Amino acid sequence: DPYADDPIRHPALKVNSQRPFNAEPPPELLTENYITPNPIFFTRNHLPVPNLDPDTYRLHVVGPPGGQSLCLSLDDLYQFPKHEITVTLQCAGNRRSEMTRFKEVRGLEWSAGAISTARWAGARLCDVLAQAGHQLSETEAHVCFEGLDSDPTGTAYGASIPLARAMDPEAEVLLAYEMNGQPLPRDHGFPVRVVVPGVVGARHVKWLGKVSVEPEESYSHWQRRDYKGFSPSVDWDTVDFDSAPSIQELPVQSAITQPKDGETIESGEVTVKGYAWSGGGRAVVRVDVSLDGGLTWQVAELDGEEQRARKAWAWRLWQLQAPVPAGKKELNIVCKAVDDSYNVQPDTVAPIWNLRGVLSNAWHRVHVHVAP
Ligand code: MTE
Ligand code: MO
């Protein structure tokens, strides 16, 4: 069993798949803290978790022609200036189960918990690439990452991001060795992972073994044959993965974490809580909540850290306290967020449904009963 050596996990996690391990925190725990505690941070593994020795760990950074390839130990990485930022990581498949309810898709049945937030610390990728002699070239180029996790044929997890993002100090791409002040937990990439603020989880390569600059995107399955969006009209017989760009920045997202779907709430007052986030560093400027399925709206209060313009890497938590309309036996609670480009979420799944069930960001809806 290649998974026999996987770490022990927190019992509160809702497990979507045991081998490889995929799990999300339940909604009420997800927004209890602005920073997600490491043991309940959602986990998305495609392969067994490697067991790496920090003393012999080496990161290979391929240099440009005429430059210098680097073979970095953990101690070498600690010599680069340490950079710490709060970043929300979201899987492209977050909320996929809502797409499945509309029409079948292929993928793990995530609820709204394939998203979490941590303080990440490490070396900036741009500093490490510069040390190897890389420069921002005129031509299109990509930084390819390879994990040290691999399948029985020896194929490693891999992904890439554009060189322009990797070299931009303002983009704050990290080679992270700390998560919330601790060494990375094994499930989250010990000892080193990539953190690409504002970008889909799939590019945050864990157990990082190799970094190289290439003229083309990574040839990894997960870069080229997965994590892409398609029209609702495309099915598995007609899909052409080369026709769509790989997902990088994610669209605006929000979800309700309290109350839970199907719950019975007290009459009087209701407290609605949730999270909101947008990709590419776009800040959340507003969250609207409806108690009547979207006929009328109230503006929620935004909690959590203030976001920096163009560098809003982390989510906002939000809440709304409102009277339960008199005489109502049930409520259809809905939320939707607006980012600082005035991007909004679509009201239903139908126009954004896709065969892989990615980019699921329709208005989030929770149906509750009101106690008599
Ligand atoms: N990196 C490696 N090496 N192997 C993986 O399976 N999964 C990716 C990414 N990095 C993965 C990986 C995906 S799809 C996501 S959403 C994030 O890691 C999840 O990170 P987390 O498990 O720390 O939440
Ligand atoms: Mo993912």
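None of these values were measured; they are calculated from a predicted model.

### Re the sheet that holds strand S20 (residues 316-323)
Spatially, the four strands line up as an open sheet ordered S14-S16-S20-S19, and their pairing is antiparallel. With partners counted over all chains shown, the strands left at the sheet margins are strand S14 (253-258) and strand S19 (301-303), one partner each. With direction set aside, neighbouring strand axes in the sheet form an average angle of 30 degrees. As judged from the eight bridges shared by strand S16 (residues 269-277) and S20, these two strands associate in the antiparallel manner. Note that in S20 the partner of Glu-269 across the bridge is Pro-323.

### Details of the domain arrangement of the protein chain
Interfaces are often described in size by the accessible area the parts lose on coming together. Each assigned domain of the protein chain is listed here: domain 1 (14-243) and domain 2 (253-370). The centre of domain 1, based on its C-alpha atoms, is set 27 Å off from the matching centre of domain 2. Interface of domain 1 and domain 2: buried area, both sides summed, is about 3,700 Å²; carbon and sulfur atoms make up 59% of it. Contact with domain 2 buries area across many residues of domain 1, yet Tyr-34, Arg-95 and Met-99 alone supply 21% of it, more than any other trio. On inspection of domain 1 and its partner domain 2, the count reaches five salt bridges. Secondary-structure elements contributing two or more residues to the side of domain 1 that touches domain 2 are helix H1 (27-30), strand S6 (82-90), helix H3 (96-102) and strand S7 (115-124). A total of five residues in the side of domain 1 that touches domain 2 trace back to one element, the largest contributor, which is S6.

### Side note on unusual backbone geometry
The omega torsion across Phe-190 and Pro-191 is 5 degrees, close enough to zero to call that bond cis. Structurally, Pro-191 can be placed in the loop between strand S11 (182-183) and strand S12 (193-195). Across the junction of Gln-258 and Pro-259, the peptide omega takes the value -5 degrees, indicating a cis bond. Positionally, Pro-259 belongs in the loop between S14 and strand S15 (264-265). Even without glycine at this site, Arg-95 takes up a positive phi of about 65 degrees.

What counts and how
Residues numbered from 1 in each chain as written. Chains lettered and ligands numbered in written order. Predicted model: local features only at pLDDT ≥ 70, side-chain atom pairs only at ≥ 80, totals over all residues. Heavy atoms only, no water. Pairing = 2+ DSSP bridges. Helix = DSSP H or I, 4+ residues; strand = E, 2+ residues; numbered from the N terminus. Axes fitted to C-alpha atoms, helices over the stretch in contact; angles between N-to-C directions. Domains from an automatic or database assignment. Buried area = accessible area lost by both parts, 1.4 Å probe. Salt bridge = Lys/Arg side-chain N within 4 Å of Asp/Glu carboxyl O.

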